[in-house]
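What follows is each chain in one-letter form.
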Amino acid sequence: DVYAVQLGITVAGALDPDRLRDAVYAMVARHPNLAARFCDQSDEPVQVIGTDPEIAWQYVELSDSADVDAQIEQVSAAERAAVCDLAGPPLFRAALISLPDNRNRLVLTIHHIVIDGWSLPILLQEIFAGYYGQRLPPATPYRSFVTWLADRDLDAAHAAVVRLLVLRLV
């Protein structure tokens, strides 16, 4: 699915899986919109954000060094497929794959409906800050964004886009 955004990071050396899981959960708690589900009971999907955000976390140990790349791809493909069900499992998923030779692969998979590519560096920064125990400033409430979005003057925005397009054509 072209809307399944996936990022894989290989980390060499010691890594505490529980601390990383807690950092991922803390990041989602800061941004509960990442754990949104969508209902399609109307003409357009309706975003539902629960009071207790949920993500899917899995820890996979690959002790056999044979065909590690194929096993990583199998886990990654399953994660991508899982985020395509907008009403089903969480649309933010994290898998930590323990690899031979003291390496780990963190695979983050998110449906594009809840995040864009520009937000990935922020997401990663917050996960690693949490992992290393760094304090972060309070997150801007998602409600502020939704309120701003609802209050926009769509006619004025449309007119501005048309003016820009006309200026480019001139």
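Description of the structure in this document.

Analysis parameters
Residues numbered from 1 in each chain as written. Predicted model: local features only at pLDDT ≥ 70, side-chain atom pairs only at ≥ 80, totals over all residues. Heavy atoms only, no water. Pairing = 2+ DSSP bridges. Helix = DSSP H or I, 4+ residues; strand = E, 2+ residues; numbered from the N terminus. Axes fitted to C-alpha atoms, helices over the stretch in contact; angles between N-to-C directions. Contact = heavy atoms within 4.5 Å. Patch = residues over 30% accessible without salt bridge, like charges linked within 9 Å, V, L, I, M, F, W, Y side chains within 5 Å. Areas by Shrake-Rupley, 256 points an atom, 1.4 Å probe, with all protein chains shown as cover. Salt bridge = Lys/Arg side-chain N within 4 Å of Asp/Glu carboxyl O. Buried < 20%, exposed > 50% of the residue type's maximum accessible area, 1.4 Å probe, protein only.

A look at the sheet that holds strand β4 (residues 56-61)
Judged by pairing direction, the sheet is mixed, and its four strands sit side by side in the order β1-β6-β5-β4 without closing on themselves. In the strand order of this sheet, the two ends are held by β1 (4-12) and β4, each with one partner. Looking at each pair of strands side by side, their axes are set apart by 15 degrees on average, direction ignored. Here β4 runs beside strand β5 (residues 92-99); their pairing, made up of six bridges, is parallel. Opposite Tyr59, over in β5, you have Leu96 as the bridge partner. The sheet strands contacting helix α3 (residues 120-131) are β1, β5 and β6 (103-111), and the helix crosses β6 at an angle near 135 degrees.

Side note on a nonpolar patch on the surface
Residues Phe145, Val146, Trp148 and Leu149 make up a contiguous nonpolar surface patch of about 370 Å² in total accessible area. Here Leu149 is to be found in helix α4 (residues 142-151).

Looking at the pattern of salt bridges
Inspection of every chain in the model, using the stated rule, returns six salt bridges. Among the salt bridges present, the one from Glu73 reaches Arg80, with a minimum N-O distance of 2.7 Å. Glu73 sits in the partly exposed class, given a relative accessible area of 41%. Overall, the relative accessible area of 25% leaves Arg80 in the partly exposed class. The network of salt bridges with common partners includes Asp18, Arg21 and Asp22.

What to know about the environment of Leu149
We classify Leu149 as partly exposed; its relative accessible area is 36%. It is 28 Å that separates the C-alpha atoms of Leu149 and Leu7, two residues lying 142 residues apart in sequence.

Some remarks on the pairing of β5
The element β5 is extensively covered by neighbouring structure, given that eight of its eight residues are classed as buried. In this structure, β5 lies alongside β6, joined through eight bridges in antiparallel fashion. Residue Ser98 lies in a different strand from β6, and its bridge partner there is Asn104. Counted along the chain from β5 to the antiparallel partner β6, the turn is three residues long, and its residue Asp101 has a positive phi close to 65 degrees.

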